[in-house]
Amino acid sequence: MSNKDVPTQQFNSLESWMRACADACRPELAQRWHETQAQDARSGQRRVHYLSMEFLMGRALRNALDALNLSGDFDAAARKAGHEGSAVLDREADAALGNGGLGRLAACFLDSMATLGLPSFGYGLRYEYGMFQQRIQDGAQIEQPDDWLRAGSPWEFARPEIRYTVGFGGRVEADGPGSMARRWVPAETVRATAHDMVIPGHGTRRVSTLRLWKASSTMPLDYASFSRGEHAGAAQQRLQAERLNWVLYPDDSTQAGRDLRLRQEFLLVSASLQDMIARHLAEHRTLDRLGDHIAVHLNDTHPALSAAELMRLLLDEHGLSWDEAYAHAHKALSYTNHTLMPEALETWPVRMLEELLPRHLEIIYEINARFLAEVAAKFPGDAELLRRVSLIDEQGERRARMANLSIVMSHYVNGVSALHSDLMVETIFADFARIWPERFGNVTNGVTPRRWLAQCNPALGAVLDKQLGDQWPTRLDDLGGLVGKGNKVSPTLIKAVQAAKRSNKERLAELIRRELGISVSPDSLFDVQVKRIHEYKRQLLNVLHVISRYQAIVANPQAEWVPRTVIFAGKAASAYVAAKSIIRLIHDVARVVNSDPRVGDKLKLVFLPNYSVSLAEVIMPAADLSEQISTAGTEASGTGNMKFALNGALTIGTWDGANIEMAENVGREHFFIFGLLADEVQRMKNLGYDPRLYYEENARLRAVIDAIGSGQFSPGETDRYRALVESLMNRDQYMLFADFAAYCDAQARVDELFRQPALWGETAVRNIAGMGFFSSDRTIREYAERIWRAPLNRA
Ligand code: 26V
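Only a predicted model underlies this, so the values are computations on that prediction, with no experimental measurement involved.

Colleague: Can you explain the sheet that holds strand β19 (residues 525–530)? Please cite residues and give values.
Modeller: Here we have 6 strands laid out as an open sheet, ordered β21-β20-β19-β22-β23-β24, and parallel in their pairing. Bordering the open sheet on either side are β21 (603–607) and β24 (672–673), each of which pairs with just one other strand. Summarising the sheet, strand β23 (residues 650–653) and β24 pair through 2 bridges and their orientation is parallel. In the strand pairing of β24, Ile-652 is matched with Phe-672. Along the sheet, helix α22 (residues 577–594) contacts β20 (564–569) and β21; its crossing angle with β21, the most-contacted strand, is approximately 145°.

This is the structure:
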């Protein structure tokens, strides 16, 4: 046996260990899943159906073991076999069926719905390739396919008996004189087959379902063509259908107006609604009370065609009247908006809908006509208002506005943090809020404390168990108990929390050494920004500060610098040039800083490639400082911010998204807040913002920009960052220059506190203690009570 075979051997044995453990969990999960389904069918309670194009699940084995109370046994058995438990778990591929925050939120929600005993289904698509894998070549991002199903998924249950036909294209025929009912005759059909993933609840036997649809051809092989020897032609049908499953759209920033994306969205919507109606009929025999029994939640507008498809199914397939169908749909539907960014608001060219979904377009027109008549009656003579709220944008190429459709058809619309929900009704949906003020509200996001604390940070988990008892993972408000009587924090507790942080930092330092060959000191302050790379999130502002710090260190190496390791990770949408340029700049700056002998441990800069749920699970527990520095008014909520704080990081952040509510719960004095407020940003823009003034007035900023612009970090190619610098100097859309000085001041305050370990540690504990509110259990309770009106059956 050659040396080269050894790792393969090890790999195989770890991999088979992982498989064996998953296979051991499967029957028990299946049993509990059956019990849950039977219970929900018997109870006849309202079920929630969470429709999302994205579920960013990550790995499932540790979560399954925990839910089944088998984690301890697993760790012991692995050790006995000579394996590290974590090495076994690392063999599982992430289910990365999502881009970022929106998809991960859906995954946290499934966990909470199961845990709280909410009768629930998640509905999504079974992409064969998930979020692309990011490689870095010469400092630049390269995308590679994510073949996560290569070896199959141990968590999937194929359900060949659960399948529906989904149509595309064709024409619409009248179906009887005078009737509203019409008949859609699609030109093509595909078959959607259910593949269920089990979602175990914690501290309950309940197991709920994530149902992912796989499209296949209704006519896999055209025998006539095949017999004529036209093999490629014979496979056409099959290809047409199967391309729907190929790949998750990896762009979370711009509307990707593509035919395939529209087909994917309709596949999700149509199969899921047919499934709900079939289940309802099996349990209740009639559709009379459909709207009372199903809640259909739209995770952003991606499943907004649900409004039209539900109407079509009820009108055309089940013979209901318009008013009956509308009443059911309106009772069932609710919608969450996740972004105010205009470029992410979905619209579809009417021409595409005409071609692909002609009946749905008719229904959208009818909904629009009735809606506009209602508005005209309520606000007579306001033609401008009608133009703005219309479901059809008539300027230029006519387009259907999916947010407008979602709002009109839903009984409730929510934003994802207090600020975001306020801005939503003041800006993008102001007209609708005037029409239906009672329809709008807020439900602040949360994260599951099982994955994001108990499982990813067992060291801190053990400290909490000792201090609070072991119920906190399902009762996160218990964290408040970390602060004792008289608002004191016990020094022993602080020490224990710091020891946990230290071991997590050592683990991350080891990973950085392994992945990048860079040695970083666990004594340094771990300053972390991990999230999608986007201009509004301002990774670039962070880089500007790093460069400024580098320049200051070089100018005065003898000063008492607080050693820092600045860590980035995140993916850029493949076509997003500016974001990719930021990744490149981070690498260029890192090369210069990390190799400068004058700097040493005082400053290190690392970019960890291929950010993922699994990587986040190692990073979050190890962070000292969490960077949440979006331009105020742009980040709808953020959820990474919550994961960091829950794991004892302090936050440096703007007054944006959920940062605000976090600071209020923790106490502003324990937060590093800086920068313009959302209304100041707006006011400044209205007055005419000139970034050059800041450049001219702030010598520190000038030195940083000049260094980038002169090619100091890109010696072979001095104008590599010309576009980036010009865009800052001429426009600076996200106001980095306006916030730069305040950001640097806040970073100086960070240094000051870090010099006082006991005080820093106490502040970390206070941050953890204030995070009880940000459990996704609380979020789901709010949805269930206020929006879905669905029961919780917590065992
Ligand atoms: C847009 C598109 C356009 C078409 C291609 C695929 C795609 C995928 C996603 C999006 C919109 C993304 C919106 C989003 O992710 N919002 C984030 O939602 C988080 C959960 O509510 C929130 O914490 C983040 O602040 C917000 O940016």
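Colleague: Summarise the side chain of Asn-659; cite the residues concerned and give the values.
Modeller: Structurally, the position occupied by Asn-659 is in helix α25 (residues 659–666). Once residues lying within four places of it in the same chain are set aside, the contact partners of Asn-659 are Gln-628, Ser-637, Asn-641, Gly-653, Thr-654 and Phe-671.

Colleague: So what's going on with the pairing of β21? Which residues, and what values?
Modeller: On a regular strand, each side chain points to the face opposite its neighbour's, so the side chains alternate between the two faces of the sheet. Taking burial as the measure, the 5 residues of β21 include 5 buried ones, the bulk of the element. Judged by which residues are buried, β21 turns out to be covered on both faces: Leu-603, Leu-605 and Phe-607 on one side and Lys-604 and Val-606 on the other are all buried. Of the pairings in the sheet, the one linking β20 to β21 comprises 5 bridges and is parallel in character. In the sheet register, Ile-567 faces β21, and the bridge partner there is Val-606.

Colleague: Pulling in residues and values, what's your account of the nonpolar core?
Modeller: Ranked by size, the top nonpolar core spans 196 residues in total, and within it Trp-213, Leu-508 and Trp-788 carry the most contacts. No other element matches helix α8 (residues 259–284), which puts 10 residues into this core. Ile-547, Ala-707, Leu-728 and Ala-764 belong to the second-largest nonpolar core, a separate cluster that totals 68 residues.

Colleague: Tell me about the site of the ligand, residues and numbers included.
Modeller: Lining the immediate surroundings of the ligand are 20 residues, of which Asp-251, His-338, Asn-445, Glu-635 and Gly-638 lie closest. Between the ligand and the protein, one listed contact pairs an oxygen atom with a backbone N or O atom of Ala-636 at 3.4 Å. Here an oxygen atom of the ligand sits 2.9 Å away from a polar atom, N or O, in the main chain of Gly-638. Looking at which element gives the most residues to the shell around the ligand, the answer is helix α5 (residues 101–115), with 3 residues. Counted by class, the shell around the ligand contains 6 nonpolar, 9 polar and 5 charged residues.

Colleague: Can you explain the side chain of Asp-732? Please cite residues and give values.
Modeller: Tracing the backbone shows Asp-732 in the loop between α29 (722–730) and α30 (736–754). Of the buried charged residues, Asp-732 lacks a salt bridge, with Arg-538 as the closest side chain of opposite charge at 6.7 Å. A polar side-chain atom of Asp-732 sits 2.9 Å from the main-chain amide nitrogen of Phe-737. Every residue in contact with Asp-732, bar those within four places of it in the chain, is listed here: Tyr-689, Pro-691, Ser-727, Phe-737 and Ala-738.

Colleague: Describe a nonpolar patch on the surface, listing the residues and the values that go with them.
Modeller: Together, Leu-221, Tyr-223 and Phe-226 make up a nonpolar patch on the protein surface, roughly 310 Å² of accessible area in all. Along the polypeptide, Phe-226 turns up in helix α6 (residues 223–227). For Phe-226, a relative accessible area of 38% corresponds to the partly exposed category.

Colleague: Provide a residue-level description of the packing of helix α19 (residues 458–468) against helix α20 (residues 491–516), including the pertinent values.
Modeller: Interhelical geometry of α19 versus α20 gives an angle of 160° and a closest axis separation of 8 Å. Judged on the interaxial angle alone, α20 and α19 are roughly antiparallel. In this structure, α19 crosses over α20, and the sense of that crossing is right-handed. In this structure, α19 uses Ala-459, Leu-460, Val-463 and Gln-467 to contact α20, whose residues at the interface are Leu-493, Ala-496, Val-497, Ala-500, Ser-503 and Asn-504. When grouped by side-chain class, the residues that make up the contact of α19 with α20 number 7 nonpolar, 3 polar and no charged.

Colleague: Which residues make up unusual backbone geometry, and what values do they have?
Modeller: Positive phi, close to 50°, is recorded for Asp-138, a residue that is not glycine. Here Asp-138 is to be found in the loop between β5 (133–137) and β6 (140–144).

Colleague: Give a detailed account of the packing of aromatic side chains, specifying residues and quantitative values.
Modeller: Where two aromatic rings form a pair, the distance of their centres and the angle of their planes describe that pair. Tallied over the entire structure, the rule returns 19 aromatic pairs. Plain terms: the ring middles of Phe-432 and Trp-436 are 6.5 Å apart, the flat faces sit at 20° to each other, and that makes the pair stacked. The same class applies to Phe-432 and to Trp-436, which are both buried. Judged by centre distance (4.9 Å) and plane angle (85°), the rings of Phe-754 and Trp-760 are edge-to-face. Judged by its relative accessible area of 18%, Phe-754 is buried. Residue Trp-760 is classed as buried on the basis of its relative accessible area, which comes to 6%. Sitting above the plane of the Trp-436 ring, Arg-439 keeps its charged end 3.6 Å from the centroid. Above the face of the Trp-452 ring, Lys-643 is positioned so that its terminal group lies 4.4 Å from the ring centre.

Colleague: How would you explain the confidence of the model for the protein chain if you had to name every residue and give the values?
Modeller: Here the protein chain shows a mean pLDDT of 96. Residues at 70 or above account for 98%. Low confidence marks residues 1–8, where pLDDT is under 50. Its contacts with residues over four positions away, or in another chain, come to 2 contacts.

What counts, and at which threshold
- Residues numbered from 1 in each chain as written.
- Predicted model: local features only at pLDDT ≥ 70, side-chain atom pairs only at ≥ 80, totals over all residues.
- Heavy atoms only, no water.
- Pairing = 2+ DSSP bridges.
- Helix = DSSP H or I, 4+ residues; strand = E, 2+ residues; numbered from the N terminus.
- Contact = heavy atoms within 4.5 Å.
- Axes fitted to C-alpha atoms, helices over the stretch in contact; angles between N-to-C directions.
- Buried < 20%, exposed > 50% of the residue type's maximum accessible area, 1.4 Å probe, protein only.
- Core = buried A, V, L, I, M, F, W, Y, C linked by side-chain atoms within 4.5 Å.
- Near = heavy atom within 4 Å.
- Polar contact = N/O pair within 3.5 Å; in protein donor to acceptor, adjacent residues only side chain to side chain.
- Nonpolar A, V, L, I, M, F, W, Y, C, P; charged D, E, K, R; others polar.
- Lys, Arg positive; Asp, Glu negative; His and termini not counted.
- Salt bridge = Lys/Arg side-chain N within 4 Å of Asp/Glu carboxyl O.
- Patch = residues over 30% accessible without salt bridge, like charges linked within 9 Å, V, L, I, M, F, W, Y side chains within 5 Å.
- Areas by Shrake-Rupley, 256 points an atom, 1.4 Å probe, with all protein chains shown as cover.
- Parallel < 35°, antiparallel > 145°, perpendicular 65-115°, else oblique.
- Left-handed = near helix turned anticlockwise from the far one by under 90°.
- Phe/Tyr/Trp six-rings, centres within 6.5 Å; stacked < 30°, edge-to-face > 60°.
- Lys NZ or Arg CZ within 6 Å of the ring centre and 35° of its normal.
- pLDDT = per-residue confidence, 0-100.

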